[in-house]
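# Descriptive analysis of the structure
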Amino acid sequence: MSVGTGIRCFTQGLSDAGAKDARPYIAGPALISLLIISTGLYFGFGYIDNLSLAMQNALPVWLDFLHVVLAPLIYVLGILVGAWLFGLLATIIGSPFLGDLAQHTAEQLEGPDLTLPQIPWWQEIVPSLMREGRKLLYHLPRLAFLLIASFIPLLNAIAPALWLLFGAWMMAVQFCDYDSEIRRQPFQATLSQLRQNRAAALGFGACVTLCMSIPLLNFLVAPVAVIGGTILMHTSRTQDSVA
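First, a word on what this report is: a plain description of the structure on this page. Since this is a predicted model, take the numbers as computed values, not measurements.

Of the regular secondary structure elements, the protein chain holds nine helices and zero strands. Reading the protein chain from its N terminus to its C terminus gives the helix and strand order α-α-α-α-α-α-α-α-α. Across the 243 residues in the protein chain, those meeting the buried criterion constitute 44%. In the protein chain, of all internal contacts separated by at least 6 residues, the share reaching a separation of at least 24 is 81%.

Put into structure tokens, the structure is as follows:
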């Protein structure tokens, strides 16, 4: 599958999120995201203020003219990064509810052919959080490598591209794994499926990463990405079976 396939899966998720039958599954995760992101950014503004002042004070006198540019730049970057990080945190906390949305989407895609174990949502909370921990253990070593690479001469020249690819891959793994989770498949099954369709996964993940960094919009991204990720996994299985 191509990058365009991943992008189409995301846009299809955006379209399906507006369907009337999907709204009950979206309200909970969207509210959790809104509360966490807005609270995080509210308290984060204080740290952005302190960082802005510290960086401006560190400038030599002959670079005073950069104050006009530096302060707005720090605020913009701080808001974008904060919105992305708090959006990811909201996704992890809301994971049990997002699983219900993935199951609803899978049922819409596969109809009566789909048979999934029916487990009350409160029994899913602990396993869902443990699975989120498994994803973190997968992501953290790669994140540490990128942090180190960002300070190594020559290698740091391509660090921005590596960060973009890593962010896209991480978002694809994060949101496509809900489909595997509702089918009681191991996390490794998600990685295997996405590696076989890496271009589509990166296209989908890039869309999620971009939208996750936009304040006010990002609290709606998680439900849309879950729907899109479920569609991507369904499309991948369908094409593999045909091949």
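That covers the picture; the talk isn't over yet.
Enumeration according to the criterion identifies four aromatic pairs in this entry. Aromatic side chains Phe175 and Tyr178 sit 6.4 Å apart centroid to centroid with 35° between the ring planes, which places their arrangement in the tilted category. Remark: Tyr178 and Phe175 occur in helix H6 (residues 159–182); sequence separation between them is three residues, near one turn of the helix. Over the face of the ring belonging to Tyr138 we find Arg142, whose NZ or CZ atom lies 3.8 Å from the ring centre.

Before going further, it helps to examine the side chain of Ser180. By the element assignment, Ser180 lies in helix H6. When residues no more than four places from it in sequence are discounted, the contact partners of Ser180 are Arg131, Gln185, Pro186, Thr190 and Met233.

Here we come to the packing of helix H4 (residues 95–110) against H6. The geometry of a pair of packed helices is captured by two quantities: the angle between their axes and the separation between those axes. The N-to-C vectors of H4 and H6 enclose an angle of 75°; their axes lie 9 Å apart at closest approach. The angle between the axes of H4 and H6 places the two elements in the roughly perpendicular class. Contact with H4, carried on its side by Ser95, Leu98, Gly99, Ala102, Gln103 and Ala106, involves Tyr178, Asp179 and Ile182 of H6 and no other residues of that element.

Attention shifts here to helix H1 (residues 3–16). Residues that lie three or four places apart on an α-helix share one face, since the helix turns once every 3.6 residues. Across its 14 residues, H1 extends 20 Å between first and last C-alpha, which sits within 8% of the 20 Å expected from 1.5 Å per residue. Of all the positions in H1, only Thr5, Gly6, Cys9, Phe10 and Gly13 are classed as buried. Around the axis of H1, the buried residues are gathered within 140° of arc, so they sit on the same side. The exposed residues of H1 that point more than 90 degrees off its buried face are Arg8 and Leu14.

This part takes up unusual backbone geometry. Backbone geometry places Arg184, a non-glycine residue, at a positive phi of 60°. Position of Arg184 among the secondary structure elements: in the loop between H6 and helix H7 (187–196). When its relative accessible area of 40% is taken as the criterion, Arg184 is described as partly exposed.

In this section: a nonpolar patch on the surface. Residues Leu31, Leu34 and Leu35 make up a contiguous nonpolar surface patch of roughly 280 Å² in combined accessible area. Counting through the fold element by element, Leu31 comes out in helix H2 (residues 23–58).

Our next topic: the pattern of salt bridges. Following the criterion strictly, the structure yields six salt bridges and no others. Measuring nitrogen to oxygen at the nearest pair gives 2.6 Å for the salt bridge that ties Arg131 to Asp177. Here Arg131, found in helix H5 (residues 125–149), pairs with Asp177, found in helix H6; they are 46 residues apart in sequence, far enough to count as distant. This pair shows no difference in class: Arg131 is buried, exactly as Asp177 is. A salt bridge links Arg183 to Asp179; the shortest N-O distance between them is 3.1 Å. On the accessibility criterion, Arg183 (18% relative accessible area) is buried. With a relative accessible area of 0%, Asp179 lands in the buried category. Through salt bridges with shared partners, a single network forms among Glu110, Asp179, Arg183 and Arg237.

Definitions and limits used
Residues numbered from 1 in each chain as written. Predicted model: local features only at pLDDT ≥ 70, side-chain atom pairs only at ≥ 80, totals over all residues. Heavy atoms only, no water. Helix = DSSP H or I, 4+ residues; strand = E, 2+ residues; numbered from the N terminus. Buried < 20%, exposed > 50% of the residue type's maximum accessible area, 1.4 Å probe, protein only. Contact = heavy atoms within 4.5 Å. Phe/Tyr/Trp six-rings, centres within 6.5 Å; stacked < 30°, edge-to-face > 60°. Lys NZ or Arg CZ within 6 Å of the ring centre and 35° of its normal. Axes fitted to C-alpha atoms, helices over the stretch in contact; angles between N-to-C directions. Parallel < 35°, antiparallel > 145°, perpendicular 65-115°, else oblique. Expected span 1.5 Å × (residues − 1). Arc of directions from axis to C-beta. Patch = residues over 30% accessible without salt bridge, like charges linked within 9 Å, V, L, I, M, F, W, Y side chains within 5 Å. Areas by Shrake-Rupley, 256 points an atom, 1.4 Å probe, with all protein chains shown as cover. Salt bridge = Lys/Arg side-chain N within 4 Å of Asp/Glu carboxyl O.

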